[in-house]
Amino acid sequence: MSFVKLTTSALAISAVAATAAVARDQVQVAGSSTVLPYASIVAEAFGENFDFPAPVVESGGSSSGLKRFCEGVGENTIDVANASRKIRDKEIKACAEAGVTDIIEVRIGYDGIVFASQIDGPAYTAFQPSDIFNALGSKVLVDGAIVDNPHQQWADFNGDLPATDIVAFIPGTKHGTREVFEDKVLLEGCEATGAMEAMIASGMSEDDAEDTCIDVRQDGKSVDIDGDYTETLARIDANPNGIGIFGLAFYENNTDKLKVATMGGVAPSTETISTGEYPVSRPLFFYVKKAHIGVIPGLKEYASFFVADEIAGSDGPLAQYGLVSDPELSATQDAVANEATMGGGS
């Protein structure tokens, strides 16, 4: 992929308060493993097209990246946090308490969460959210009663699924993918099976029932993966019966190793995600520390370059890698250009 050389202007390094950032020569980025490949593509292209060094991009998960982002302002803190979910209110509060009061939210596009298995393994080709909940929920509905999950094989609750042992490799709790998995698969599956209604009927509050719905079993059938998708892929390579959860882009770049399942009868693809037809999709973000703009060389240029039409548009390299372009990308471009912070300020 070739990129058009873009002209840039040098950043003026201004004198700032003692708590503000001190100039260093590279933008520092950390966070979501889902956003990581996109950010890496942009960082490399940025280094090739600008007179700034390529940003340093690290992974670690959305929650981990946002925690580092919210540690404060200064050269020893990161400039950008990648996230496969929106920043939470408690994270915004933690940021504010540490002096990070002006945050620019940048939505880069959309991604889908896919369920995929070893290409030569059993045919888990069709799922409903209820199947995933029945397989992995800690408490499920059996014969009208809420019980500890007794299911050992997929066919125990759905005869159309293989009679193979349940084992699923799911994102750990620090990954933004986990939150979407809980809300759009486990919670919806819990409701679809009638388990949530039964929990509430038994005396649980609605909040407690929701928490129970997204709680996963701890008997080895569900395995948290704290690393990135390559670790999940390695687990599936070693376990022919395993199911893993991946971002669409990772799956599309590993179709020689993985086969994907439909969800709700819809196959995940750029097209079905962009139309909203595929039910398990989410927006992707990065967050910029405004206090570092004008101090850390290349920070605003990097953010602007990331969401440029040539990069994040439907014909750009990120779309070629699997990102679903945001139909409101121009509004994001304006927000970055105007340094508009969360809450409407600039």
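Structure first, text after, so check above.
Residues numbered from 1 in each chain as written. Predicted model: local features only at pLDDT ≥ 70, side-chain atom pairs only at ≥ 80, totals over all residues. Heavy atoms only, no water.

Engineer: Looking at this structure, how should I read the overall build of the protein chain?
Structural biologist: Within the protein chain one finds 14 helices and 13 strands. Computed over C-alpha atoms, the radius of gyration of the protein chain comes to 22 Å, within 12% of the 20 Å expected from 2.2 N^0.38 for 346 residues, which places it in the range of a compact globule. Each of the three principal axes of the protein chain carries a C-alpha extent, and together these read 70 × 45 × 35 Å. Counting every position in the protein chain, which comprises 346 residues, the buried fraction comes to 51%. Pairs at least 24 residues apart make up 75% of the contacts formed inside the protein chain by residues separated by at least 6 positions. About 14,400 Å² of surface is accessible on the protein chain, with carbon and sulfur atoms providing 48% of the total. The positive charge centre, built from 23 side chains, and the negative charge centre, built from 51, are 5 Å apart in the protein chain. (Helix = DSSP H or I, 4+ residues; strand = E, 2+ residues; numbered from the N terminus. Rg over C-alpha atoms; globule rule 2.2 N^0.38 Å. Buried < 20%, exposed > 50% of the residue type's maximum accessible area, 1.4 Å probe, protein only. Contact = heavy atoms within 4.5 Å. Areas by Shrake-Rupley, 256 points an atom, 1.4 Å probe, with all protein chains shown as cover. Lys, Arg positive; Asp, Glu negative; His and termini not counted. Charge placed at Lys NZ, Arg CZ, Asp CG, Glu CD.)

Engineer: Is there a simple way to think about helix H7 (residues 206–213) in this case?
Structural biologist: Because each turn of an α-helix spans 3.6 residues, side chains separated by three or four positions in sequence point in the same direction. Taken residue by residue, H7 has Ala209, Thr212 and Cys213 as its buried positions. The buried side chains of H7 occupy one side of the element, clustering within an arc of 100° when seen end-on. Contact partners of the buried residues in H7: helix H4 (129–136), strand E6 (139–142), helix H5 (176–193) and helix H6 (195–201). (Arc of directions from axis to C-beta.)

Engineer: Would you explain the nonpolar core in this entry?
Structural biologist: Note on soluble globular proteins: their nonpolar side chains tend to be buried together. One finds Phe115, Phe127, Ile132, Leu136, Trp154, Phe181 and Phe246 to be the most contacted residues of the largest nonpolar core, which totals 39 residues. Those elements that place two or more of their residues in this core are strand E4 (103–118), H4, strand E8 (168–171), H5, helix H8 (229–238), strand E10 (243–247) and helix H9 (248–252). When near neighbours in sequence (up to four residues on either side) are disregarded, Ile132 contacts Phe115, Phe127, Gly137, Trp154, Phe181, Val185, Leu186 and Met263. Membership of the second largest hydrophobic core comes to 33 residues, among which are Ala39, Val106, Ala249 and Ala312. (Core = buried A, V, L, I, M, F, W, Y, C linked by side-chain atoms within 4.5 Å.)

Engineer: Would you mind going over the state of the cysteines with me for this structure?
Structural biologist: One way to say it: the disulfide is the covalent bond shared by the sulfur atoms of two cysteines. Tallying each qualifying case throughout the model produces two disulfides. Each sulfur in the disulfide pair Cys70 and Cys95 lies 1.9 Å from the other. Between Cys70 and Cys95, the S-S dihedral sits near -75°, and the bridge is therefore left-handed. Of this pair, Cys70 sits in the loop between helix H2 (62–69) and strand E3 (80–83) while Cys95 sits in helix H3 (residues 89–97), placing them 25 residues apart in sequence. The residue that forms a disulfide with Cys190 is Cys213, at a sulfur-sulfur distance of 2.0 Å. (Disulfide = S-S within 2.5 Å.)

Engineer: Mind showing me how you'd approach H5 here?
Structural biologist: The terminal C-alpha atoms of H5, which comprises 18 residues, lie 25 Å apart, in line with the 26 Å expected from a rise of 1.5 Å per residue. Taken as a whole, H5 carries its principal kink of about 35° at Glu182. Listed as buried for H5 are Gly176, Thr177, Arg178, Val180, Phe181, Glu182, Val185, Leu186, Leu187, Gly189 and Cys190. (Expected span 1.5 Å × (residues − 1). Bend = angle between axes of the 7 residues up to and from the residue.)

Engineer: Could you clarify how one ought to interpret the pattern of salt bridges in this entry?
Structural biologist: Here the idea is simple: oppositely charged side chains can pair when their charged atoms come close. A full pass over the atoms with the stated rule returns 16 salt bridges. For Asp326, the salt bridge identified is with Arg107, shortest N-O distance 2.5 Å. Of this pair, Asp326 sits in the loop between helix H13 (317–321) and helix H14 (329–337) while Arg107 sits in strand E4, and the two are 219 residues apart along the sequence. Look at Asp326 and you get buried, because its relative accessible area is 3%. Here Arg107 falls in the partly exposed class, since its relative accessible area comes to 23%. The salt bridge involving Arg282 is made with Asp111; its shortest N-O contact spans 3.2 Å. Of this pair, Arg282 sits in strand E13 (residues 281–289) while Asp111 sits in strand E4, placing them 171 residues apart in sequence. A cluster of three or more residues bridged by salt bridges with shared partners is formed by Arg85, Arg88, Glu91 and Glu179. (Salt bridge = Lys/Arg side-chain N within 4 Å of Asp/Glu carboxyl O.)

Function cannot be inferred from these measures alone, as they are strictly geometric.
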